[in-house]
Amino acid sequence: MDTSDENEISRDSLKRCADQSTSNNPTSKKKRSKIKTKHMDPKILELRRIIQVSCGCNNLHKAIGAYDELHLQEGVKMEAQSYYNLLNLCEGLTERSVHIGTPKQPKSLTEETTNEICVEKNYSDEERKKFAFHLKDEMDSMNLPLNETAYTALIRILCKTGDLKEAETLLYQADGCDQCKPKLRMYSCMISAFCKRGDLDGALRIWARMSSIKRINKTGTQEISIDLSEREYLMLMKCATMVGDTKVMDRVLSELAEDVLVPSLDTTNAIIDWFQSKHSLRSSLDCYSVSALDRIQGIPPSEAPSIGPIYAEISNNHADESLPFWEISKSIPIDSSTGVLKSGCLSDKKLQPVALTQDTWDAMLHMNENIVLKGELEEHKKMSEFAGGGKGKKRILSGDELDKRAMHWNTFIHFLTTEYGQLRNKLDIVIDGANIGYYKQNFGGAPKHVDYRQIDRVVEHLRKQGKGVLLFLHERHFSKKLMPHWADKIVRKWETDKILYRTPHGSNDDWFWMHAALYCGRGTMVLSNDEMRDHHFQMLAHRSFLRWKERHQVHFDIEGKRVILKYPDVYSRRIQRLDSESLIIPLPKQGDENRFLDGAHQADDTSPTEETYVCITLKRR
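Everything numeric here is computed off the predicted structure, so don't read it as measured data.

A short note on the confidence of the model for the protein chain
No. 1: The pLDDT averaged across the protein chain works out to 83; a share of 78% of its residues lies at or above 70.
No. 2: Confidence, read as mean pLDDT per element, is least for helix α1 (residues 11–15) in the protein chain (39) and greatest for strand β6 (residues 340–341) (97).
No. 3: Throughout residues 1–32 the model reports pLDDT below 50, and contacts reaching past four residues in sequence, or to other chains, amount to 82 contacts.
No. 4: Contacts of residues 379–384 to residues separated by more than four positions or lying in other chains number 12 contacts, the stretch itself having pLDDT below 50.

Considerations on the sheet that holds strand β5 (residues 325–335)
No. 1: Spatially, β6-β5-β15-β14-β13 is the arrangement adopted by the five strands of the open sheet, whose pairing is antiparallel. If you trace the sheet from one side to the other, it starts and ends with β6 and β13 (576–579), each paired once.
No. 2: As paired elements, β5 and β6 share two bridges and run antiparallel to each other. Among the inter-strand pairings, I334 is bridged to a residue of β6, identified as L341.
No. 3: This element, helix α13 (residues 265–275), spans β5, β14 (582–586) and β15 (612–619) of the sheet and lies at about 160° to β14.

Points about the pairing of strand β12 (residues 562–566)
No. 1: Residues of β12 alternate between two faces, with V563 and L565 buried on one and R562, I564 and K566 left unburied on the opposite face.
No. 2: The pairing of strand β11 (residues 553–559) with β12 spans five bridges and is classified as antiparallel. Bridged to F556 within β12 is L565.
No. 3: Hairpin connection, β11 to β12: the antiparallel pair is bridged by two residues, and G560 has positive phi, about 65°.

Digging into helix α7 (residues 148–161)
No. 1: Look at α7: 20 Å from first C-alpha to last across 14 residues, which is about the 20 Å you get at 1.5 Å a residue.
No. 2: With 13 of its 14 residues buried, α7 lies for the most part within the structure.
No. 3: At the exit of α7 stands G162, carrying a positive phi of roughly 85°.

Details of the environment of G523
No. 1: Along the chain, the position of G523 falls in the loop between α20 (509–519) and β10 (525–527).
No. 2: Along the primary structure G523 and D428 are separated by 95 residues, whereas in three dimensions their C-alpha atoms are 6.4 Å apart.

Here we look at the packing of aromatic side chains
No. 1: Under the counting rule described, the total for this entry stands at 14 aromatic pairs.
No. 2: Here Y452 and W486 contribute two aromatic rings whose centre-to-centre distance is 6.2 Å and whose plane-to-plane angle is 85°, an arrangement assigned as edge-to-face. Here the residue Y452 occupies a position in helix α18 (residues 452–464), and W486 occupies one in the loop between β8 (469–474) and α19 (488–496), the gap between them amounting to 34 residues.
No. 3: By relative accessible area, Y452 is classed as buried at 0%.
No. 4: Chaining the aromatic ring pairs together yields one cluster made of W409, F412, F415, Y420, F472, Y501 and F512.
No. 5: For the cation-ring pair, R205 lies above F194, with the distance from its terminal atom to the ring centre recorded as 5.6 Å.
No. 6: Across from the ring centre of W486, 3.6 Å away, lies the NZ or CZ of R453, which sits over that ring.

Calculation notes
- Residues numbered from 1 in each chain as written.
- Predicted model: local features only at pLDDT ≥ 70, side-chain atom pairs only at ≥ 80, totals over all residues.
- Heavy atoms only, no water.
- pLDDT = per-residue confidence, 0-100.
- Helix = DSSP H or I, 4+ residues; strand = E, 2+ residues; numbered from the N terminus.
- Contact = heavy atoms within 4.5 Å.
- Pairing = 2+ DSSP bridges.
- Axes fitted to C-alpha atoms, helices over the stretch in contact; angles between N-to-C directions.
- Buried < 20%, exposed > 50% of the residue type's maximum accessible area, 1.4 Å probe, protein only.
- Expected span 1.5 Å × (residues − 1).
- Phe/Tyr/Trp six-rings, centres within 6.5 Å; stacked < 30°, edge-to-face > 60°.
- Lys NZ or Arg CZ within 6 Å of the ring centre and 35° of its normal.

Written as structure tokens, this is what we have:
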């Protein structure tokens, strides 16, 4: 392949290989000076390019041909990244791709070039497995370690060929490899494979494994826990329905109800399948095997309240026509002002707000303080070197910085306890001043400072409603170089009325207003359009944080001088029990975010614009 072919590859053909970055290369922990391609053997570059192009077209045949001709026959050295790319290509690049870079001046593929590159030979799963493990053996002989994407590719290949015992052995090997930082996808494919086979024990064994991964490094033994996502919950529910394991179904549905506010349609249909199966009605005389949950050790204890019961006991004396049954109503509308269902088998029933327990509330308060004083939770030191929220690597705080932060925090706690210690209920709304001040301020020529008048408009709107407010703004917003002179009068009024708290330099205002809201109790709301994803990432009890946010965040809009506030609904839009024999499941609507399972950030145009629900209730004839 001529080196000029690189410019013939379009961006689109390369995008499909966008997952494996060179940062995954375990051989380069420290930054090195990059070797310029002009100083490299042209044959090495040619082999690299052909494999890259093959990834762009998912063309294993082309890549194997280059491997045989250039590497095996001509003895051209193959780079570590090319091995990783080839392994992923063997797996098929079905759920992710490999980052291979983009040419500087891409041109559209001509029909001739497309035919040359993308003619593919169909390989069976066994052939792909044979070649992949040949590559692995070659890498082992060179002492070239596998990274996470390589292990994941090999495990997925073994899952496709049905070699689950071998895949499980390789998974345990990956757990102990320093160069392999475990991710959910490595375990997810095995849970899926076991569930498709109806082997619930095997799936739970992987769940137990991923919840307690022990890693040994220079600092000692670390234990990492990876949580299930909606995808794994769906697989487990399908398998539990297949084998009739009531205890597993109850546990997984309860976990799902805590972790996923609005499940996907596939997940909802899996729940419906359970209630339409024979396992949802049980005779007291029937014999049932021990649940897989009791057979498999190491499953983490559940912190989620049970959503059950998910079955009804029936008597053998019932005639078929008198047996109880589960009635299911779909796409049921709701009165959003009251939470009352408008039709269906649970017509006129009212959804309830689901509050956090006091223990969970106190734990969140403690976690927030730990994040402030220590920079992060102890548990997160073991998980990632990145801070989350797109903020790059964590910055290690010095002792002086931590001492200064602690001093500022103690001042703040003293303020809270003296101003609100005995009268916590007098604070109705905590205001995220910066979020309001920068709202709709991204137009051309906009000032660099926050809109102080806009903040004051919101403050006065709330005070006229009789609300007790506390405004948080970072100290930098009061700098003489930044704050205009006309804002002095507004700021002096806030300070005179004792409704302003200036958060100090070196601190994040989010910590302060969130802590104030938690400290002052369940009656205190937060006014902000910030989705608080940084907190979501750092909070160990992320499900609790989502529940708190759902019940205590007030959103706003500003149209001219008009302030529009959107308070939380009087009910919780989530999977919930209305009574011991009724279950409610929210359906996706347009604008919903976090569509984890279907891969979309928001529900698409095919979803309804209004809230609808699936209602399930036990009917007795």
